[in-house]
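# Topology and contacts: notes
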Amino acid sequence: MIWWAVVGAGVACYLLKLAGLSVPPRVLEQPLVERIADLIPVALLAALVAVQVFASGPALVLDARAVGLAAAVLLLMARAPFLVVVFGAALVAAGVRLV
Amino acid sequence: MSSAGLDPRERSGIVRDGLGVGIATGTYGISFGAVAVGAGLSVAQTCALSLLMFTGASQFALVGVLAAGGTPLSGALTAVLLGTRNTLYGLRLAPLLDWSGARRAAGAHLVIDESTAMSVTRTSTPAARVGFLTTGITIFVLWNLATLVGALGGRALGDPRTYGLDAAVGAAFLALLWPRLRDRRNRVTALAAAAVALGLVPITAAGVPVLASAGVALLIGVLWPGPDETEWPEVDR
């Protein structure tokens with residue numbers, strides 16, 4: 001089942017890229033369509049952050065992951081590079097669990 | 001690839017920029033590989049994702065939804081929804097790259113945030129192609145190698161929670177989102193989407209809350225006109 005998701009979504013993502021290079025611009029270049037398409041990643045990424053950090057199954061919880069996220073915010077404000085942000089958050093969360 | 005008419009000095013400058021961005025971006029495939037095996041994917045599935053999908057945010061989304069207990073279908077749908085922004089990049093790139101046939105089909109796979117950012121600002125087709133290909137190919141090679149390294153390393157580590165790798169996923173999404181939050185409409189969208197998703201967590205199946213948050217983008221897009229102050233894609237890492 002995971003293989004189907006990997007291959008299916010992989011092929012679909014490729015076709016989305018190809019469509020952009022192939023479709024006449026006028027079909028998609030309308031302000032409303034462009035605005036919504038631009039906002040979709042913002043909404044999805046924010047929802048993913050929230051669910052990844054605060055959900056545990058069907059429950060909302062506050063645990064070491066939230067501390068890790070706070071560390072990520074601080075690192076991002078300090079303009080740290082991507083890998084430092086990601087592994088920094090992981091280290092902090094792991095540290096909290098040890099305490 | 002034709003680079004006729006491109007000044008050698010301009011060309012080497014574009015290549016240098018592309019390599020720099022490519023190396024910086026490609027290496028963070030390590031975090032993807034580690035997170036993906038932590039989410040329960042096999043090393044082969046993890047590597048197949050980087051080869052086939054090759055668009056970071058979608059890949060993280062798929063494994064993130066799976067890690068949270070979502071179905072493979074909702075993980076795949078979330079990944080595909082996030083992949084729609086590459087269509088917009090393609091629209092902007094098409095007249096600039098000016099490819100057709102097999103070259104367009106091959107080039108399409110490299111349409112991602114960074115390759116777009118490194119070529120949309122060029123003023124000629126040869127310059128755009130050099131920027132696009134240097135960045136795209138460097139990232140493709142390194143991203144896939146780094147994914148393998150991260151996946152093998154992640155498997156050797158054992159339980160991902162011990163190392164806080166479950167917290168790393170949220171941090172990765174936040175880092176991808178961060179540059180967009182300078183814009184007020186984006187901030188409102190992000191907060192509303194997060195609130196909707198968390199509100200749905202107790203009452204819907206895993207995976208659904210994230211998908212439903214796309215409705216927030218739809219609603220705000222309709223109700224709140226005007227341009228976005230932030231550049232997307234943005235490369236400043």
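Numbers given for residues are sequential positions, taken from 1 along each chain in its written order. As a convention, the first chain written is A and the first ligand written is 1, with the rest following in written order. Residue-level local features of this predicted model are given only where pLDDT is at least 70; pairs of side-chain atoms are given and counted only at 80 or more, and the full residue set underlies all totals for whole chains, interfaces and linings.

## Some words on the overall build of chain A
Put simply, the rule reads: Think of it this way: any DSSP run of H or I at least four residues long counts as a helix, any run of E at least two long counts as a strand, and we number them from the N terminus. Taken over C-alpha atoms, the radius of gyration is set against a globule rule of 2.2 Å times the number of residues to the power 0.38.
Scanning chain A from N- to C-terminus turns up five helices and two strands. In chain A, the succession of helices and strands from N to C terminus is α-α-α-β-β-α-α. Its C-alpha atoms give chain A a radius of gyration of 19 Å, clearly above 13 Å, the size a compact globule of 99 residues would have. Considered along the principal axes of its C-alpha atoms, chain A spans approximately 55 × 40 × 25 Å.

## Here we look at the overall build of chain B
Here is the rule we go by: Residue burial here comes from a neighbour count, namely the number of other C-beta atoms, placed from the backbone, that lie within 10 Å of the residue's own C-beta, with 20 or more meaning buried, 12 or fewer meaning exposed, and in between meaning partly exposed. Contact definition: two residues whose C-beta atoms, as placed from backbone geometry, lie within 7 Å.
Broken down by element type, chain B carries twelve helices and zero strands. When the helices and strands of chain B are read in sequence order from the N terminus, they spell out α-α-α-α-α-α-α-α-α-α-α-α. Across its three principal directions, the C-alpha atoms of chain B cover 60 × 50 × 30 Å. With 237 residues in all, chain B has 55% of them scored as buried. Sequence separation of 24 or more characterises 74% of the internal contacts of chain B that already satisfy a separation of 6 or more.

## A few points about the interface of chain A and chain B
Test applied: Any residue outside Ala, Val, Leu, Ile, Met, Phe, Trp, Tyr, Cys, Pro, Asp, Glu, Lys and Arg is labelled polar, Gly included; the first ten of those are nonpolar and the last four are charged.
Facing 69 residues of chain A, the contacting portion of chain B comprises 83 residues. Elements that contribute at least two residues to the side of chain A that touches chain B include exactly α1 (2–22), α2 (25–28), α3 (31–54), β2 (59–60), α4 (64–77) and α5 (82–98) of chain A. Per-element accounting of the side of chain A that touches chain B gives the leading share, 22 residues, to α3 of chain A. Grouping the constituent residues of the side of chain A that touches chain B by class yields 56 nonpolar, seven polar and six charged.

## Focus on the confidence of the model for chain B
Convention followed: Each residue carries a pLDDT value, the predictor's own confidence for that position, ranging from 0 to 100.
Taken as a whole, chain B shows an average pLDDT of 88; of its residues, 95% reach a score of 70 or greater. Interface scoring of the predicted complex returns ipTM 0.89; its pTM is 0.82.

## Let's talk about helix α1 (residues 8–26) of chain B
Residue and element names in this part refer to chain B. Inclusion rule: Each helix should span, by expectation, one fewer than its residue count multiplied by 1.5 Å. This arc is built from the directions going out from the helix axis to the C-beta atoms.
Along its 19 residues, α1 runs 26 Å from first to last C-alpha, staying within 8% of the 27 Å computed at 1.5 Å per residue. For α1, the set of buried residues is I14, G18, V21, G22, T25 and G26. One side of α1 carries all its buried residues, which in axial view fall inside an arc of 120°. In α1, the exposed positions angled more than 90 degrees off the buried face are occupied by P8, R9, S12, R16 and I23. Buried residues along α1 sit in contact with α2 (29–38), α7 (113–117) and α8 (125–157).

## Concerning helix α3 (residues 43–52) of chain B
When we look at burial in α3 of chain B, the residues that qualify are Q45, T46, C47, L49 and S50 of chain B. Structurally, α3 of chain B contributes buried residues whose contacts are with α1 of chain A together with α2, α4 (56–67) and α8 of chain B. Note on α3 of chain B: the residue one or two positions beyond its end, F54 of chain B, has a positive phi of about 45°.

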